[in-house]
Amino acid sequence: MASKVPPPAANASTPILKPGSQIVVDTLVEQGVEVIFGYPGGVVLPLFDKLYDAPLRFYLPRHEQGGCHMADAYARASGRTGVVIATSGPGATNLTTGLATAMMDSVPIVAITGQVRTDLIGNDAFQEADTTGITRPITKHNLIVKDVKEIARSIREAFYIASTGRPGPVLVDIPVDTEVAQCEVEPAGPIEMRGYRIRTQGHSKQIQIAAQAINSAEKPVLYVGGGVITANATDELRALAIKGNIPVTTTLMGLGAYDQTRPESLDMLGMHGSAYANYAVQQCDILISVGARFDDRVTGKLKTFAPGAKIVHIDIDPASISKNVHVDIPLVGDAKTILTEMASLIEHRDRTEWFETIAGWKKKYPLSYDNNTACIKPQYVIEELSRQTKGEAIVCTGVGQHQMWTAQFFRFTKPRRFISSGGLGTMGFGFPAAIGAQVAMPGQTVIDIDGDSSFSMTLQELGTAVQYQLPVKVFILNNGYMGMVRQWQELFYHKRYSHSFLKVPDFAAVARAFGAAGYTIEKKEQVPQVIKQALAEKGPCIVDCHVEREENVWPMVAAGKALDEMDGLELLERMA
Ligand SMILES: Cc1ncc(C[n+]2csc(CCOP(=O)(O)OP(=O)(O)O)c2C)c(N)n1
Ligand SMILES: [Mg+2]
């Protein structure tokens with residue numbers, strides 16, 4: 001006969017056990033997470049069950065790639081860490097483009113993926129993929145957590161690694177049995193990780209040397225990348241540039257780091273940068289790079305890049321220093337700290353001659369286009385958007401000509417207003433990015449300036465925008481081509497337009513089918529009015545702008561050419 005033993009009474013010494021799935025959710029909440037993008041599946045069902053009544057806002061994309069771009073743009077717009085959840089196998093592999101995009105642009109994301117049961121790993125189990133293996137080169141850090149006791153610490157460390165130093169995506173893979181297993185949770189404490197050290201303070205002596213070199217320079221240029229935005233150092237940059245009277249050019253990722261309406265602004269440099277920025281870089285005597293990485297789209301032919309310049313490089317990531325271009329004065333540390341210290345040592349210089357030379361280039365080769373045509377020029381739509389939103393909107397893009405025109409013709413005055421895939425160049429990024437940015441900034445006007453082909457890659461996220469009534473405004477610069485590919489084929493492949501156009505649907509009708517508003521613009525005179533109407537829409541809205549089909553982006557530094565060997569200058573000169 002079984003003896004009746006009373007159940008043990010709960011008292012202070014009884015450990016409170018929680019399943020791994022609950023620990024995941026609790027740790028996310030503890031880390032300050034308010035928003036999650038994610039898609040369910042078999043091995044994350046325990047986790048989704050706990051998300052059912054978690055104090056978090058959850059957004060369900062139509063594809064995990066979309067979810068990852070949403071988390072990415074959420075992070076870029078807000079400065080917080082984005083979170084995305086996916087199931088094992090196809091859910092995890094669908095994240096890869098999003099992770100690689102975030103990795104290349106140094107965006108903090110924590111991705112949580114489910115994994116098959118620990119005892120099945122390596123067995124070709126249903127929906128098994130080696131997620132940590134696949135994502136190792138496209139994450140800042142990743143790991144698989146096979147012990148429930150490690151979940152809380154792993155997630156805390158994931159947030160720490162994702163958001164500190166040079167930020168990036170971190171993936172935590174959790175087998176389903178670990179989600180179900182139970183343990184007691186350790187309270188959060190200070191994070192100590194051997195082998196992960198971040199230097200924030202710059203070397204004072206080096207800062208002095210750099211400041212002296214800048215003070216004695218006649219033709220300095222500040223070359224600014226996305227790192228300044230990540231470091232929230234735009235005020236410090238402005239203070240330095242104004243105090244020292246130094247012209248500033250930014251990379252694509254750096255747009256918004258410096259107010260483009262200021263006289264020191266040289267706008268963007270590089271392959272499709274302004275002629276005056278490229279000339280200034282080539283002729284400067286000191287180039288002060290802050291949070292930029294000398295990407296090949298910026299430098300042109302490396303051997304001839306900034307030939308007369310001493311190079312100062314401020315970066316949080318020591319691996320970026322002298323990677324592509326030899327650096328004379330390296331400064332490893334946080335841009336905000338270093339710029340502040342440097343500004344105190346910088347003296348005002350008139351540099352009249354240098355600014356006059358630059359003014360000459362600006363006058364001779366302004367960023368311009370021929371708008372004396374009956375058809376709609378894509379640049380005109382962008383200028384009109386910039387005018388109507390007074391530069392206040394958050395602007396996302398796809399990849400291609402429309403992206404470059406946005407960089408050239410939208411005036412950015414503040415950081416975190418331009419969201420684009422710079423490093424990886426991910427077509428299809430713009431629309432889910434706009435959704436993520438809108439989730440982060442509910443009161444803000446969020447625009448996606450997209451290409452017909454780029455938008456076609458992720459347009460299913462219309463379902464997400466409509467489901468959550470996110471009032472994103474998409475302006476498709478529909479040239480009926482993969483315009484950037486066509487431009488290269490025109491210039492370098494004898495106009496043999498090999499598979500560079502797709503038959504696209506009536507985008508406005510597609511929008512309406514999803515429950516969004518849809519407009520089509522075919523005539524130039526409609527542009528201002530329809531933009532106005534679209535911006536006033538309360539819900540998501542698509543505007544299909546039929547633009548000039550064979551417009552090109554100028555100026556252009558062809559591959560292998562020096563930065564000051566630009567094509568298309570005659571047109572700019574003619575339009576000046
Ligand atoms: C996922 C992906 N595939 C291919 C490319 C190569 N690519 C770069 S731009 C471009 C064409 C983009 O066309 P569209 O979105 O219509 O923009 P447009 O250049 O016409 O403004 C292509 C195919 C890419 N960047 N990303
Ligand atoms: Mg196109």
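Report follows, based on the coordinates. What you are looking at is a predicted structure, and each value in this text was computed from that prediction instead of being measured.

What follows is about the site of ligand 1. Near ligand 1 you find 17 residues, and of these Gln401, Gly425, Asp452, Ser454 and Gly483 are the closest. Within the backbone of Gly425, one N or O atom sits 2.8 Å away from a nitrogen atom of ligand 1. Burial of ligand 1 by the protein amounts to 77% of the accessible area it has alone, namely 590 Å². When residues of the shell around ligand 1 are traced back to their parent elements, those giving at least two are helix 17 (401-409), helix 19 (452-458) and helix 21 (483-492). The leading source of residues in the shell around ligand 1 is helix 19, at four residues. Within the shell around ligand 1, the residues separate by chemical class into seven nonpolar, nine polar and one charged.

What follows deals with the coordination of the magnesium ion (ligand 2). Note on metal sites: the ideal angle is 109.5 degrees for four tetrahedral donors, and 90 or 180 degrees for six octahedral donors. Within the first shell, the magnesium ion (ligand 2) binds the protein through Asp452 (OD), Asn479 (OD1) and Tyr481 (O), at distances of 2.0 to 2.1 Å. Taken in sequence order, the residues that donate to the magnesium ion (ligand 2) follow the motif D-x26-N-x1-Y. Of this pair, Asp452 sits in helix 19 while Tyr481 sits in the loop between strand 18 (473-478) and helix 21, placing them 29 residues apart in sequence. Under the relative-accessibility criterion, Tyr481 is labelled buried at 9%.

On to the side chain of Asn142. Its place among the elements puts Asn142 in strand 6 (residues 141-144). Classification of Asn142 by relative accessible area gives buried; the value is 10%. Side-chain polar atoms of Asn142 contact the backbone oxygen of Thr132, separated by 2.9 Å. A polar side-chain atom of Asn142 sits 3.4 Å from a polar atom in the side chain of Arg136.

A large share of strand 9 (residues 220-224) lies buried, amounting to five of its five residues. Here strand 9 shows two buried faces, one formed by Pro220, Leu222 and Val224 and the other by Val221 and Tyr223. As defined by bridge partners, strand 9 adjoins strand 12 (residues 286-290) across five bridges and the pair is classed as parallel. Across the sheet, residue Tyr223 finds its bridge partner in strand 12, namely Ser289. When strand 9 meets strand 10 (residues 248-250), the two strands line up parallel, connected through three bridges.

This brings us to the nonpolar core. By size, the foremost hydrophobic cluster in this structure holds 68 residues, and its most contacted members are Leu287, Phe305, Val381 and Val543. The leading source of residues in this core is helix 12 (residues 275-283), at six residues. Each of domain 2 (204-364) and domain 3 (378-554) contributes no fewer than three residues to this core. Here Phe305 is in contact with Val281, Gln282, Leu287, Phe294, Val298, Thr299, Ile311, Val325 and Leu563, once residues within four sequence places are set aside. Ala102, Ile394, Leu459 and Leu462 belong to the second largest nonpolar core, which has 48 residues in total.

Structural remark: α-helix, 3.6 residues per turn; residues separated by three or four positions point the same way. Considered for burial, the residues of helix 22 (residues 507-514) that qualify are Phe507, Ala508, Val510 and Ala511. For helix 22, the angular spread of buried residues about the axis comes to 160 degrees, placing them on one side. Tucked inside the fold, the buried residues of helix 22 contact helix 19, helix 20 (462-467), strand 18, strand 19 (517-521) and strand 20 (541-546). Where helix 22 ends, the next residue or the one after it, Gly515, has phi of about 100 degrees, a positive value.

The next thing to look at is the sheet that holds strand 12. With respect to topology, six strands assemble into an open sheet ordered 11-10-9-12-13-14, the strand pairing being parallel. Every other strand in the sheet has two partners, leaving strand 11 (265-268) and strand 14 (329-332) as the edge strands with one partner each. Going across the sheet, the axis of each strand differs from the next one's by a mean of 15 degrees, ignoring polarity. Looking at chain direction, strand 12 and strand 13 (residues 310-315) are connected through five bridges and run parallel. Of the residues in strand 13, the one forming a bridge with Ile286 is Lys310.

Conventions adopted
- Residues numbered from 1 in each chain as written.
- Chains lettered and ligands numbered in written order.
- Predicted model: local features only at pLDDT ≥ 70, side-chain atom pairs only at ≥ 80, totals over all residues.
- Heavy atoms only, no water.
- Near = heavy atom within 4 Å.
- Polar contact = N/O pair within 3.5 Å; in protein donor to acceptor, adjacent residues only side chain to side chain.
- Areas by Shrake-Rupley, 256 points an atom, 1.4 Å probe, with all protein chains shown as cover.
- Helix = DSSP H or I, 4+ residues; strand = E, 2+ residues; numbered from the N terminus.
- Nonpolar A, V, L, I, M, F, W, Y, C, P; charged D, E, K, R; others polar.
- Donors = N, O, S within 2.8 Å, 3.2 Å for Na, K, Ca; no water.
- Buried < 20%, exposed > 50% of the residue type's maximum accessible area, 1.4 Å probe, protein only.
- Pairing = 2+ DSSP bridges.
- Core = buried A, V, L, I, M, F, W, Y, C linked by side-chain atoms within 4.5 Å.
- Domains from an automatic or database assignment.
- Contact = heavy atoms within 4.5 Å.
- Arc of directions from axis to C-beta.
- Axes fitted to C-alpha atoms, helices over the stretch in contact; angles between N-to-C directions.

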